[in-house]
Amino acid sequence: MAKRFVSIWFRNLATDWCTIRQPALANTAFVLTTPSHGRILVTAASPQAQLQGVYNGMALADARALVPTLQAFDDKPQLAEKLLLRLAEYCIRFTPFAAADLPDGLLLDATGCAHLWGGEEKYIDSISKRLSKRGYAVRAAMAETIGAAWAIARYGKNELIIPGGKVATALLPLPPESLRLDQEIVERLYKLGLRQVSDFIAMPRAVLRRRFGPSCIQKINQALGTSMEIIHPVIPVELFQERLPCLEPISTATGIEIALQRLLDALCQRLRQEEKGLRRAVFKCYRVDGKIEQISIGTNRPTFNVQHLYRLFENKIASIEPDLGIELFVIEAPVIEGHTVTQEKIWNSTCALYDTGLAELLDRIEGKMGAQVIHRYIPDEHYWPERSFKAATSIVETATTTWKTDRPRPLQLLPYPERIEVTAPIPDYPPMLFIYKGTLHKIIKADGPERIEQEWWIQEGEHRDYYCVEDEEGLRYWLFRSGHYTPDKKYQWFIHGFFS
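Residues numbered from 1 in each chain as written. Predicted model: local features only at pLDDT ≥ 70, side-chain atom pairs only at ≥ 80, totals over all residues. Heavy atoms only, no water.

Draft legend 1. A look at the sheet that holds strand 11 (residues 326–338). If you walk across this open sheet you meet the four strands as 8-11-9-10, and the pairing is antiparallel. Both edges of this open sheet fall to strand 8 (241–250) and strand 10 (292–303), since each of them pairs with a single strand only. For this sheet the average axis-to-axis angle between neighbouring strands, irrespective of direction, equals 15 degrees. Relative to strand 10, strand 9 (residues 276–287) runs antiparallel, the two being bridged by eight bridges. Bridge pairing in strand 10 links R280 to G298. (Pairing = 2+ DSSP bridges. Helix = DSSP H or I, 4+ residues; strand = E, 2+ residues; numbered from the N terminus. Axes fitted to C-alpha atoms, helices over the stretch in contact; angles between N-to-C directions.)

Shown next, in the form of structure tokens:
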């Protein structure tokens, strides 16, 4: 597919922005200024000021001599860059590859996009009208190279869409500055009488390089397409992304659901063909007023199941506010993993953590109640019970050790052991009774001790002697004594869990 690029030139970017913010300036001569070496210079002049002879770089005093009623405002630093980045984000509705082109333009990679608007003429016309409605005076051109589109947008006379293979012909009558040459090179060309591209573009490259430097050759080659030039989009484009522009703005829930279904179908088909599955998906809705509504979902395992992904999104569609309407839908899969379809037998289906049905059930629970309500733990390499497990990062994460099953463990383990008061007949014997949270528990059965040593690689605390005890009501607890008993040191007892 032949490449097609669009260059958009904002004739009066900064002053148009001021007029949008202050409509009273619409038909007024005004300028933006900045101090420079003890003088105040004009950095941007409104169309009315330009008609009266005011130009960029002119001293404010000279400008007021020409236009006594001229209004002046301080120019904001990096205003043009901020405006162009914001406008580039707005133009993502026309192509995923939109970039700022300082100091006064945008660049779009429109390859394969124009047919969605009914052709290149309607595509360019739609872009120009949208930006004009926002209050900007623009001129847009399309060509097969970035350099040619830039030149035609700013210096072209009539035709703004250059067909493939006609770039060189379209550039010939334009002035040298249309090739984005340095000002010094342009002045030297004019001094030599080379006032059009046709006067020097056919010269031997060695002559041009010797007289004007390698940058001149580079700009010519970029404009003709013999040297590659890359657009760096304002928002990086995800590898797995699907777009659905709308002929008319969509403002109903049914329309949003249909768009989501179509995008998921296309995205999952690509994922299936490339044996990938998504772990996270983002659904973006570009509104007519320039705002973006988006919802996202995540999965515990990679998947390309359209019905399952749609159900996850379905719970969040109500949060989308279409306002005046949505004109572009985009779905992205920023996180993907390898995933293949495995054939399962009815009598030998995969179960446990690798069961697809379980993963999809957990996805739906997370979608409704939040990811924080589901936890999975795996054993960790520690002796002390409160450190012997850790939260798993995924549903299929494998443990590096095994669960301790040779001795009983409580169903409910306290995050941290809690102090209790204990009465024991002999220090090394299990207790006869203990007091926990003001309640006295008389012990009738006890089993132990089970010694759990200090973790030598941490060197924190003393060893523990654990006992499983049962009180007179039949409730069972997990208690331990910390450290050795000595006559000159009072030993401490703790409760650490509940069996039932």
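Draft legend 2. Seen up close, the sheet that holds strand 6 (residues 105–109). Strand order in the open sheet made by the four strands is 5-6-1-7, with antiparallel pairing throughout. Of all strands in the sheet, those bounded by a partner on one side alone are strand 5 (98–101) and strand 7 (138–143). Put simply, the sheet's adjacent strands are angled 20 degrees from each other on average, direction ignored.

Draft legend 3. Layout of the side chain of R279. Along the polypeptide, R279 turns up in strand 9. Of note is the side chain of R279, whose polar atom sits 2.8 Å from the backbone oxygen of T299. Setting aside its immediate chain neighbours within four residues, R279 contacts I297, G298, T299, N300, R301, P302, V335, I336 and E337. (Polar contact = N/O pair within 3.5 Å; in protein donor to acceptor, adjacent residues only side chain to side chain. Contact = heavy atoms within 4.5 Å.)

Draft legend 4. Spatial organisation of unusual backbone geometry. With omega at 10 degrees, the peptide bond leading from L102 into P103 counts as cis. Within the secondary structure, P103 is located in the loop between strand 5 and strand 6. The omega angle of the peptide bond from G448 to P449 is 5 degrees, so this bond is cis rather than trans. Relative to the assigned elements, P449 resides in strand 16 (residues 439–452). Look at Q78: it is not a glycine, yet its phi comes out positive at around 60 degrees. Tracing the chain through its elements places Q78 in the loop between strand 4 (71–74) and helix 4 (79–90). The backbone phi angle of E275 is positive, close to 55 degrees, even though this residue is not glycine. With respect to the helices and strands, the residue E275 is situated in the loop between helix 11 (253–273) and strand 9. A relative accessible area of 48% means that E275 is categorised as partly exposed. (Buried < 20%, exposed > 50% of the residue type's maximum accessible area, 1.4 Å probe, protein only.)

Draft legend 5. Summary view of empty space enclosed by the protein. Across all of its chains, the model carries two cavities of 30 Å³ or more by this definition. For the largest cavity, the calculated volume is near 70 Å³. Every residue along the wall of the largest cavity is listed here: I92, P96, I235, P236, V237, Q241, R243, K284, Y286, V330 and E332. At the level of elements, strand 8, strand 9 and strand 11 are the ones that each hand at least two residues to the lining of the largest cavity. Looking at the lining of the largest cavity residue by residue, the class counts come to seven nonpolar, one polar and three charged. Of the voids in this model, the second largest cavity is the one considered here, and its volume is about 30 Å³. Forming the walls of the second largest cavity are R407, P408, D447, G448, E450, Y466 and C468. If one sorts the elements of the lining of the second largest cavity by residue count, strand 16 sits on top with three residues. (1 Å grid on protein atoms, 1.4 Å probe; cavity = no way out; pocket = protein on both sides within 12 Å on 5 of 7 lines; lining within 4 Å. Points joined across faces, edges and corners; volume = space filled by probe spheres on them. Nonpolar A, V, L, I, M, F, W, Y, C, P; charged D, E, K, R; others polar.)

Draft legend 6. Summary view of helix 5 (residues 120–133). Under the 1.5 Å per step criterion, the end-to-end length of helix 5 is 20 Å for 14 residues, consistent within 8% with the ideal 20 Å. Along helix 5, the residues classified as buried are Y123, I124, S126, I127, S128 and L131. Each element contacted by the buried residues of helix 5 is listed here: strand 1 (5–10), helix 4, strand 6 and strand 7. Immediately beyond the C-terminal end of helix 5, within one or two residues, lies G135, with a positive phi of roughly 105 degrees. (Expected span 1.5 Å × (residues − 1).)

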